[in-house]
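# Observations on the three-dimensional arrangement
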Amino acid sequence: MRPLSALYDRLLEARARRYESGRSPSVRLSRPVVSVGNLTVGGTGKTPFVLHLAERFLSQGRRPAILSRGYGRRSSEVVIVSRGEGPIVGPDDGGDEPVLIATRLPRAIVVVAPRRTDAALAAEALAPDVFILDDGFQHLAVRRDLDLLLLDAADPFGGERYPPFGRLREPPSALGRAHGFVFTRPSDGRPTSSDLSRVARAKPEAPVFHARIFPEGLTQAVDRGTTVFGSRERGRREDRAVSAAPSTEDPAGAPPPAAPTRRRGRSAARDRLEHALFAGAARLLARRGPEAASRAGARLARLYVSLVPSRRRILEGNLSAAFPRMSSPDISALARRSVENFGAVFLEFLDSPRFSREEIEERVAVAGREHLEAARARGKGVFLLSAHFGSWELGAVRAGLLGEPIASVVRPLDNALLEGELARRRTRFGNRLIRKKEAAREILRALRHGGTVAILIDQNVLAGEGVFVPFFGRLAATSPSLALLQAKTDAAVVPVFTWPLGSGRYRLEFQPPVLAAEFEGIESRDERIRLATARYMAITEAAVRRAPEAWLWIHNRWRTRPPDEVESREF
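Heads up: these notes are all about the structure in this document. Residue positions are given per chain, counted from 1 along the sequence in the order it is written. It should be noted that, the model being predicted, local features are given only for residues of pLDDT at least 70 and side-chain atom pairs only at 80 or more, the latter also being counted only at that level, while totals for whole chains, interfaces and linings use all residues. In computing side-chain properties, one takes all heavy atoms of the structure into account and sets aside hydrogens as well as water.

Moving on to the overall build of the chain. Secondary structure is summarised from DSSP: a helix means a run of H or I of at least four residues, a strand means a run of E of at least two, and numbering begins at the N terminus for each. Within the chain one finds 17 helices and 19 strands. Expressed as a percentage of its 571 residues, the buried residues of the chain come to 54%. Restricting to contacts in the chain with at least 6 residues of sequence separation, those with at least 24 account for 75%. With an accessible surface of roughly 26,400 Å², the chain has 53% of that area assigned to carbon and sulfur atoms. The classification of residues rests on relative accessible area computed with a 1.4 Å probe and restricted to protein chains. Under 20% of the type maximum is buried, over 50% is exposed, and intermediate values are partly exposed. Contacts are assigned to residue pairs with any non-hydrogen atoms lying within 4.5 Å of each other. For every accessible area listed, the method is Shrake-Rupley and the probe measures 1.4 Å; residues are considered covered only by the protein chains on display.

This is how it looks when you write it as structure tokens:
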């Protein structure tokens, strides 16, 4: 077996060199990545150590995302175990250990997938501050900023042999990749001197820690009736203490019933196919350039509308109703320009990772910056009122380069893999995302720290979720969330739109802020909220009238009708 072991050693070392040199692709995430792993098959206390790290990050006000394979689960899909509010699936879908982590640390994000890259892309959509790879030492397709290698003090090198004769997963030469070492389960409180010397020779500058694992109790896992151990990692460095921060969460809390993480009717195969098409298009665009991206986007959008008659009817109906005096040929021409603009800006944003900060600043000029700065100077935080207008995604990236990053309120896509790709583009210069469904708490926290939050309220909402205000002469169901939040916080609302200038260039234009004081003289709270929302939509309508081809007319904006409207008509 020795010749085979030697060959296996060389293959593993060659694999590591390919990733190190860039010949094998690896994904760079938008936030720092900490990997926790080992060299051997079997437990070395990785999960308790991951819990320990996540607790430390949470105690520092950071939001960790834990990425795991979820061993032992019955599904083989990308599954979001926790969005930062406790587990939303059981062990069958998420795996025992990820569900345990999500139960112990409800504020941590936990995502499982067969491949760490898929888990990472899904987690990026949830805007974490740091990623933790559970059992990630061998998974080199995700780049890491810190590699922590756990070694079982009783047998750190797995008998120097591979299974079935030993426990090695890769040769000891891999020690050189680690940035720090943690000896776990020492029988006398520390590893042997020979093992310490071997580690020191492999990476002299890397710190060495020692840790013990103490069981704290049992947790009953739902769905299968299995019982898993809850434990805590306690560690110390050679010459100073490294104690775990005590958990502020309830370790005995049972997870809620399993909930779907994917829209009904979707499959993992469909998600992967869509992601593969997306990635292929991105690679193709990267070779052809931004002008080609604009042209291709325009053609694809025209093709889409021609193949989906319902969207074409919505588009032409919206334009005819909004501009009743416009002739049919002019409506058709405007519809064509609107569709082409939508396709062009989408593929331009898809191609945006090629642009450096300086290139984005050159492509997107800024006007009215003094309005943003005056609003920030009030010290109460700022709301950016925008719309699906021009290149709104690129505009948000550019806005985040003006003094401080911004937070954008978004509705995640049904495909978590695609959402991860979009999140990477949206956050690569420091912006963060706030999920629309659980936005209020995150928005208020951002404003308390003087942050800037971008909200788009120009799309239709359900009757029970909105207020009806005029938009192009018709009542439109509109979210009152921005008006409610402004009334609560007194933050300024600064309108901003990204105007197309042609050839992939835009102007990000800030307008004078809207202040809550404008609506103080109105006694009825509901009426104040309605009037504030109407004011926002009047500002949006004025912008759209200036450049109607830049707005997203294929959206069914007037679908929800007032309950007292006798005749309902969909456009």
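What follows deals with the packing of helix α15 (residues 439-448) against helix α16 (residues 481-489). Two numbers describe a pair of packed helices, the interaxial angle and the distance between the axes. To obtain each axis, a line is fitted to C-alpha atoms, and for helices this fit is confined to the stretch in contact; angles are then taken between N-to-C directions over 0 to 180 degrees. α16 packs onto α15 with a crossing angle of 40 degrees between their chain directions and a minimal axis gap of 12 Å. Comparing their axes, α16 and α15 come out oblique. As α15 packs across α16, the resulting crossing turns out to be right-handed. Along the contact surface, α15 presents I443, L444 and L447, while α16 presents L485, K488 and T489. Residue classes follow a fixed rule: Ala, Val, Leu, Ile, Met, Phe, Trp, Tyr, Cys and Pro count as nonpolar, while Asp, Glu, Lys and Arg count as charged, and any other residue, Gly among them, counts as polar. Within the contact of α15 with α16, the residues separate by chemical class into four nonpolar, one polar and one charged. Angle categories are assigned with fixed cut-offs, so that under 35 degrees is roughly parallel, over 145 is roughly antiparallel, 65 to 115 is roughly perpendicular, and the rest are oblique. We call a crossing left-handed when the near helix sits turned anticlockwise from the far one by less than a right angle, and right-handed when that turn is clockwise.

Because each turn of an α-helix spans 3.6 residues, side chains separated by three or four positions end up pointing in the same direction. Of the positions making up α15, those classed as buried are A439, E442, I443, L444, A446 and L447. Of the surrounding secondary structure, the elements contacted by the buried residues of α15 are β12 (382-386), β13 (407-410), β14 (432-435), β15 (452-456) and α16.

Bringing the nonpolar core into the picture now. Note on terminology: a nonpolar core comprises buried Ala, Val, Leu, Ile, Met, Phe, Trp, Tyr and Cys residues joined through side-chain atoms within 4.5 Å. Grouped together as the largest cluster of nonpolar side chains are 53 residues, with contacts concentrated most on F383, F389, I443, V453, I455, Y536 and W553. Among the elements that take part in this core, helix α17 (residues 525-546) stands out by supplying eight residues, more than any other. In contact with W553, not counting residues within four places along its chain, are I314, L315, N318, L319, A322, F323, S338, F472, V544, P548 and W558. Ranked by size, the runner-up nonpolar core spans 27 residues in total, among them F49, V81, V89 and V112.

Spatial ordering of the open sheet is given by β11-β19-β18-β12-β15-β13-β14, a layout of seven strands whose pairing is mixed. The sheet is open, and its two edges are formed by β11 (364-367) and β14, each paired on a single side. Adjacent strand axes in the sheet meet at a mean angle of 30 degrees when their direction is disregarded. Two strands qualify as a pair provided DSSP detects at least 2 bridges between them. With four bridges joining them, β13 and β14 adopt parallel strand pairing. Each bridged residue has a counterpart across the sheet, and for S408 the counterpart in β14 is L433. Packing against the sheet, helix α13 (residues 392-399) makes contact with β11, β12, β13, β15, β18 (492-502) and β19 (505-510), and its axis sits at approximately 60 degrees to β19.

A separate point is the packing of aromatic side chains. Stacked, edge-to-face and tilted labels apply to pairs of Phe, Tyr and Trp rings (six-membered ring for Trp) whose centres lie within 6.5 Å, assigned for plane angles under 30 degrees, over 60, and everything in between, in that order. All chains considered together, the criterion is met by 10 aromatic pairs. Judged by centre distance (5.8 Å) and plane angle (75 degrees), the ring pair of F389 and F497 falls under edge-to-face. Of the two residues, F389 is situated in the loop between β12 and α13 and F497 in strand β18; the sequence distance between them amounts to 108 residues. Given a relative accessible area of 1%, F389 falls into the buried group. Taking the relative accessible area as the measure of exposure, F497 reaches 1% and is therefore buried. With centroids separated by 4.8 Å and ring planes inclined at 85 degrees, the aromatic side chains of W551 and W553 adopt a geometry described as edge-to-face. We classify W551 as buried; its relative accessible area is 3%. Residue classification places W553 among the buried residues on the basis of a relative accessible area of 0%.

Below, the discussion takes up the side chain of N341. Note that N341 resides in helix α10 (residues 328-350). If we skip the residues at most four places from it in the chain, N341 touches G390, P500, E549 and A550.

All right, on to the packing of helix α5 (residues 116-124) against helix α14 (residues 416-427) then. As a packed pair, α5 and α14 sit with axes 6 Å apart at the nearest point and diverge in direction by 65 degrees. Crossing hand, α5 versus α14: left-handed. Seen from α5, the contacting residues are D118, L121, A122 and E124; seen from α14, they are A416, L417, E419, G420, E421, A423 and R424.

On the surface, a nonpolar cluster with roughly 320 Å² of combined accessible area is contributed by L300, L303 and L307. In this fold, L303 is placed in helix α8 (residues 290-307). Given the relative accessible area of 45%, L303 is considered partly exposed. Like-charged residues are merged into a patch within 9 Å and nonpolar side chains (Val, Leu, Ile, Met, Phe, Trp, Tyr) within 5 Å, provided each residue has over 30% relative accessible area and no salt bridge. Note on definitions: salt bridges are taken to be side-chain nitrogens of Lys or Arg within 4 Å of carboxyl oxygens of Asp or Glu.

The subject of this paragraph is the pattern of salt bridges. All chains considered together, the criterion is met by 29 salt bridges. In this structure, the salt-bridge partner of E85 is R441, at a minimum N-O distance of 3.5 Å. Placement of E85 in the loop between β3 (79-83) and α3 (91-94) and of R441 in helix α15 is noted, with a sequence separation of 356 residues between them. Residues R424 and E421 are paired through a salt bridge, measuring 2.7 Å at the closest nitrogen-oxygen approach. Of this pair, R424 and E421 are both found in helix α14, three residues apart, which corresponds to roughly one turn of the helix. Of the residues examined, R424 reaches a relative accessible area of 26% and is grouped as partly exposed. On the accessibility criterion, E421 (7% relative accessible area) is buried. Salt bridges linked by common partners bring E124, E421, R424 and R425 together as one network.

Further remarks concern unusual backbone geometry. Backbone geometry at A127 places phi at a positive 55 degrees, although glycine is not the residue there. Residue classification places A127 among the buried residues on the basis of a relative accessible area of 8%. In this structure, F472 is a non-glycine residue whose phi angle is positive, near 55 degrees. Assignment of secondary structure puts F472 in the loop between β16 (467-471) and β17 (474-478).

In this section: the pairing of β3. Where burial is concerned, most of β3 is hidden: four out of the five residues are buried. The pairing of β3 with strand β4 (residues 109-112) spans four bridges and is classified as antiparallel. Residue pairing for β4: V79 is matched across the bridge by V112.

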